[in-house]
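# Observations on the three-dimensional arrangement
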Amino acid sequence: MDNNGASVGSYSNFRILYLITQMVGVTIVVLVSSWIGVHLGGLGWTKPSIQFNWHPLLMSLGMIFLYGNSILVYRGFRYARKKPLKITHATIHGLAFLFTVVALIAVFDSHNLAKPPIPNMYSLHSWVGMAAVVLFSLQYVFGFVSYLFPGVREPLRATYMPVHVFFGLLGFVLAIAASLLGLSEKAFFSIPNLSNLPAPAVLVNMIGMLLLVYGGLVVFLVTEVGYKRKPLPEDVMLLTHSASSQ
């Protein structure tokens, strides 16, 4: 009874923190959209300076909000069967990857088409961001092959799981770091009298602090042992059947 009570209480705490995490994530996307719409000239694909604005918006959606939700999907929907969760996890990752590709096209185009052209990949933001994207992409490919591709033996999947979890979380942390560096870089170049904290600077700083909160909440929810998803009877039966068929 005590263990059951602790489990119920732990899940109640998880639901509260999970809801807060979602609210923070949505707020980040809304504030980034407001920053772009009010202070950076909006969105478009015909002028390099405006085309760039797709980059922070789609990166916030893809590499931050969707990436974080993809990581949390197993714990947020703990009573769903594992196979649909795998498909959902892969689908969210795929959508995040699509947003990321368009975001990268936008930033490279905005640099290359500017007059004079702006150099690419010269800043710490770009290096950390590209590391996050490469790691995210590799995780997606190896995860898809390991857990959705038929014929992979269960012991191999189990062996790879800690690696998949670690590098998936590392990629997310790198994405948060890259976003913070990108915010600082953009603020430095686009906000006059930055040290006086005009409205755009306050907004950028708020987005940065919320990124830290969102990242911290996602990492905590994923690493807290008490919030780990317990295997369902269907999962155990599936594993047993898979092992016996091999």
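Every chain begins its residue count from 1, and numbering advances along the sequence as written. Only residues with pLDDT of at least 70 get local features here, since the model is predicted, and only at 80 or more are side-chain atom pairs given and counted; chain-wide, interface and lining totals rely on the full set of residues. Hydrogens and water are ignored here; the side-chain numbers use all heavy atoms of the structure.

### Concerning the overall build of the protein
- A tally of regular secondary structure across the protein gives eight helices and zero strands.
- By definition, any uninterrupted DSSP run of H or I lasting at least four residues is a helix, any uninterrupted run of E lasting at least two residues is a strand, and each is numbered from the N terminus. The order of helices and strands in the protein, counted from the N terminus, is α-α-α-α-α-α-α-α.
- Judged by the C-alpha coordinates and their principal axes, the protein covers about 65 × 40 × 25 Å.
- Across the 246 residues in the protein, those meeting the buried criterion constitute 42%.
- In the protein, the share of contacts with a sequence separation of at least 24, taken over all contacts with a separation of at least 6, comes to 75%. Partly exposed residues are those whose accessible area sits between 20% and 50% of the maximum for their type, while under 20% is buried and over 50% is exposed, using a 1.4 Å probe and protein chains only. A contact between two residues is defined here by any heavy atoms of the two lying within 4.5 Å.

### Quick word on the UniProt feature "domain: Cytochrome b561" (unreviewed entry) in the protein
- UniProt positions are given in the numbering used here, feature names are shortened, and annotations may be inferred rather than shown by experiment. As annotated by UniProt and renumbered to match this structure, "domain: Cytochrome b561" (unreviewed entry) occupies residues 20-223.
- Summarising residues 20-223: 80% helix, 0% strand, and an end-to-end C-alpha distance of 17 Å.

### A short note on the UniProt feature "transmembrane region" (unreviewed entry) in the protein
- Residues annotated by UniProt as "transmembrane region" (unreviewed entry) correspond here to residues 16-37, 57-77, 89-108, 128-149, 161-181 and 201-222.
- Secondary structure over residues 89-108 splits into 100% helix and 0% strand, and the C-alpha atoms at its two ends are 29 Å apart.
- Between the C-alpha atoms that bound residues 201-222 the distance is 32 Å, and the span itself is 100% helix and 0% strand.

### Some details on unusual backbone geometry
- Residue P116 follows K115 across a cis peptide bond; omega there is 0°.
- Residue placement: P116 occurs in the loop between α4 (82-112) and α5 (124-147).
- Even without glycine at this site, N193 takes up a positive phi of about 50°.
- Note on placement: N193 falls in the loop between α6 (154-190) and α7 (199-223).
- Given the relative accessible area of 56%, N193 is considered exposed.
- The phi angle at L197 is positive, at roughly 55°, despite the residue not being glycine.
- Given a relative accessible area of 48%, L197 falls into the partly exposed group.

### Remarks on the environment of F99
- Tracing the backbone shows F99 in helix α4.
- A relative accessible area of 22% means that F99 is categorised as partly exposed.
- Remark: the alpha-carbon pair of F99 and H55, spanning 44 residues in sequence, is separated by 9.1 Å.
- For F99, the residues in contact, after removing those within four places along its chain, are L58, L61, G62 and L66.

### Remarks on a nonpolar patch on the surface
- Candidates for patches are residues over 30% relative accessible area with no salt bridge; among them, like charges are joined within 9 Å and nonpolar side chains (Val, Leu, Ile, Met, Phe, Trp, Tyr) within 5 Å. The protein chains shown are the only cover counted for residues, whose accessible areas, like all others here, come from Shrake-Rupley with a 1.4 Å probe. One side-chain nitrogen of Lys or Arg within 4 Å of one carboxyl oxygen of Asp or Glu is enough to make a salt bridge. A surface patch of nonpolar side chains, amounting to about 540 Å² of accessible area, comprises I118, Y122, F188, F189 and L194.
- By the element assignment, F188 lies in helix α6.
- Owing to a relative accessible area of 61%, F188 belongs among the exposed residues under this scheme.

### Observations regarding the packing of aromatic side chains
- A pair of Phe, Tyr and Trp rings is counted when the ring centres sit within 6.5 Å of each other, with Trp represented by its six-membered ring. The angle between the planes then sorts it: under 30 degrees is stacked, over 60 is edge-to-face, the rest tilted. Considering all chains together, one arrives at ten aromatic pairs under this definition.
- One aromatic cluster in this structure is built from F14, Y18, F220 and Y227.

### What to know about the confidence of the model for the protein
- Confidence in the prediction of the protein, expressed as mean pLDDT, is 88, and 90% of residues score 70 or more.
- As a per-residue quantity, pLDDT reports the predictor's confidence and falls between 0 and 100. For the protein, per-element mean pLDDT is lowest for helix α8 (residues 233-245), which scores 49, and highest for α7, which scores 96.

### Quick look at the side chain of T21
- Position of T21 among the secondary structure elements: in helix α1 (residues 2-39).
- Under the relative-accessibility criterion, T21 is labelled buried at 0%.
- Those residues in contact with T21 that sit more than four places away from it in its chain are L72, Y214, L217, V218 and L221.

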